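# Examining the three-dimensional arrangement
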Protein chains: 2
Amino acid sequence: MKKILITGCAGFIGSNLVNFFLKKNIEIVGLDNLSTGNIKFLKKALKSQQFKFYKKDLLNNEISSHFKNISMVYHLAANADVRFGLKHTKKDINQNIIVTYKILEAMRKHNVKKIMFSSTGSVYGETNQIPTKENAPFPVQTSLYGASKISAEGLISAYCEGFNFQSYIFRFVSILGKGYSHGHVFDFVKQLRNNNKKLYVLGDGNQRKSYLNIDDCINAIHKSINYFNDKINIINLGTNEYLTVKESIKIICNTLRCEPKIFFKGGKRGWIGDNPMIFLDTKKIRKSGWKPKFTIKESIKITTKYLLDNQWILKRKV
Amino acid sequence: MKKILITGCAGFIGSNLVNFFLKKNIEIVGLDNLSTGNIKFLKKALKSQQFKFYKKDLLNNEISSHFKNISMVYHLAANADVRFGLKHTKKDINQNIIVTYKILEAMRKHNVKKIMFSSTGSVYGETNQIPTKENAPFPVQTSLYGASKISAEGLISAYCEGFNFQSYIFRFVSILGKGYSHGHVFDFVKQLRNNNKKLYVLGDGNQRKSYLNIDDCINAIHKSINYFNDKINIINLGTNEYLTVKESIKIICNTLRCEPKIFFKGGKRGWIGDNPMIFLDTKKIRKSGWKPKFTIKESIKITTKYLLDNQWILKRKV
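Note that the structure is a prediction, hence the values are computed from the model and not measured. (Residues numbered from 1 in each chain as written. Chains lettered and ligands numbered in written order. Predicted model: local features only at pLDDT ≥ 70, side-chain atom pairs only at ≥ 80, totals over all residues.)

## Observations concerning the pairing of strand E13 (residues 261–265) of chain A
Where a strand is regular, its side chains alternate between the two sheet faces. All names here are of chain A. When you tally the buried positions in E13, you get zero out of five residues, a small fraction of the element. Sheet topology places strand E8 (residues 198–202) next to E13; five bridges connect them, and they run parallel. When the bridges of E13 are listed, Lys 198 appears paired with Lys 261. (Buried ≥ 20, exposed ≤ 12 C-beta atoms within 10 Å, placed from the backbone. Helix = DSSP H or I, 4+ residues; strand = E, 2+ residues; numbered from the N terminus. Pairing = 2+ DSSP bridges.)

## A few points about the relation of the copies chain A and chain B
Take chain A, turn it by 180°, move it 0.0 Å along the axis, and it overlays chain B with an RMSD of 0.0 Å. In the structure described here, the two chain copies are related by an operation that fits a two-fold rotation axis. Both copies share a contact surface, since 100% of the interface residues of chain A are interface residues in chain B too. (Least-squares fit on C-alpha atoms with pLDDT ≥ 70 in both. Contact = placed C-beta atoms within 7 Å.)

## What to know about the interface of chain A and chain B
Residue-level contacts link 29 residues of chain A with 29 residues of chain B. Of the residues belonging to the side of chain A that touches chain B, the class tally is 16 nonpolar, ten polar and three charged. (Nonpolar A, V, L, I, M, F, W, Y, C, P; charged D, E, K, R; others polar.)

## Topic: helix H2 (residues 89–109) of chain A
The terminal C-alpha atoms of H2 of chain A, which comprises 21 residues, lie 30 Å apart, in line with the 30 Å expected from a rise of 1.5 Å per residue. The sharpest bend along H2 of chain A reaches about 25° and sits at Val 99 of chain A. (Expected span 1.5 Å × (residues − 1). Bend = angle between axes of the 7 residues up to and from the residue.)

## Regarding the sheet that holds strand E11 (residues 232–237) of chain B
Residues and elements named next belong to chain B. Strands sit in the order E3-E2-E1-E4-E5-E6-E11 across an open sheet of seven strands; the sheet is parallel. Two strands close off the open sheet at either side, each with one partner strand: strand E3 (51–55) and E11. Each adjacent strand pair in this sheet contributes to an overall mean axis angle of 15°, direction not counted. Across four bridges, strand E1 (residues 3–7) lies against strand E4 (residues 72–75) in parallel orientation. Bridging from a neighbouring strand, Ile 6 pairs with Tyr 74 of E4. The sheet contacts of helix H3 (residues 144–163) involve strand E5 (114–120), strand E6 (166–172) and E11, and relative to E5 the element is tilted by about 160°. (Axes fitted to C-alpha atoms, helices over the stretch in contact; angles between N-to-C directions.)

## Some thoughts on the domain arrangement of chain A
Residue and element names in this part refer to chain A. Considered domain by domain, chain A is made up of domain 1 (3–175 + 211–237) and domain 2 (179–210 + 241–275 + 294–314). Counting residues at the interface gives 19 residues for domain 1 and 14 residues for domain 2. Those elements giving two or more residues to the side of domain 1 that touches domain 2 turn out to be helix H1 (12–23), strand E10 (211–213) and helix H5 (214–227). Here the side of domain 1 that touches domain 2 is composed, by residue class, of eight nonpolar, eight polar and three charged. (Domains from an automatic or database assignment.)

Pasting the structure below:
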């Protein structure tokens, strides 16, 4: 039986990947330090004999022993916070660059040659090419998060060249859906659950963003890995549409049945490094036959309802 | 009086920068751990009152106190070895990524906002765009060295956005001239001084490479910083020509007056991550009025003679 390793297995995308592969009868080793991930997301998975969970800090703990007999690593563990990168600069360096390096070395030690990596559309900085292709003009980084992810992409690519690894690097838009616990829908629902008369919004609300449903995301990852077979596969993941923050507020408010007064703070960008327009060209992934099942509007509605049904998530410190 | 800080001040480019700025009456703090740099390169500079040298390991020593009252940092310290990156993967991570991060944090602590950074044409990987512009298509990294430099570029750019730094990032071709102590001219001269009947060459000799003379390089750096004034300035540095490895062997052999038998090892690439064709588009730097004084052929001749006159360099472990 194939055995895979998932880092960040208790996180949003990680835990969904665990459940997906358990249904496919694949044996899984899952690592997570539970700092932003939550064991509750693995409730069902932990009952399975196929899943072995280890609470491990990828930065500080010895991890390489877990890489024995692994056929592929899905490296999802990350500091996934764009907004607060400047408050604790070391987090992006440690969690996104150094941890990726440690994973690559552990793979090398145990002759594991295949890696999936969760990168981000943020690596394109504020590109002029919209929709943005995988081979867009050489970008200038605008956030530490983006910079740390492009670092990790570079290291992975160099290991592919140098040590004959094969990689699947996905540049995601924001992901929504079950297990979602971080981002603007989270912030807005949380605020409105506390007080549905007022909503504070970072930026002027005209930021145009693209989102993808978690189920579509997981399917795209799986389909890509079976379809593409280059040494280094770099693939944008997103839908063929975008939404303004104002439009997404409308959907959230309709779902929550409230009409708050809205206060916008700041200008075009909600924070330093915020990108006023994220819209990825997804022609490459569509070559695999994949297409998303959910529109952005549906995903926002699903996510809002999910948060209402799982209010423990809203209470977490993030 | 303006005071600048130069890291890697005892290295090839660093020591030439020190001498250049001393002539301009600028006060200099120089840091170097003397691992690949050599104190002999600073012989003249050390006699100057304007120059303060500190033997410091940028990775392990506390360095931030040196950043007090500095107007600009010239960050030249690096592991500059493309070829052996895979033998000691941690070197590129530590020396090129982590050290750059430490420099940026030290600058932030002491409110130093301006940084010059020595990047490399290697960040373009094996691009299809030749000559290669600064905004070439998003490259895929082929060496750990290139990956570590693109990481550092990304961190510097993110600090410019986040903390209002200003940066001058230079993507160099190989540099030749006085103080040169590393690279193919070095290898060939060293081999031929030991035995001028035989020469072993990595690759098929048809690799086309571009080179720049150190004096032209230093002038270009200085001119750019006075001419360009964006928040993030990314600038290719090179000449408008290239040479095959075979052609450069001919010049070296003519200068040394020998006719060795030549043995080529390997194929198109001399080693993993070697780029068979490096030729940068230099229209941007030429906007500043700069142009090189030396042709590649002249530079190779000058460098060969320099190594003959300074044979202690050939004896160094590199």
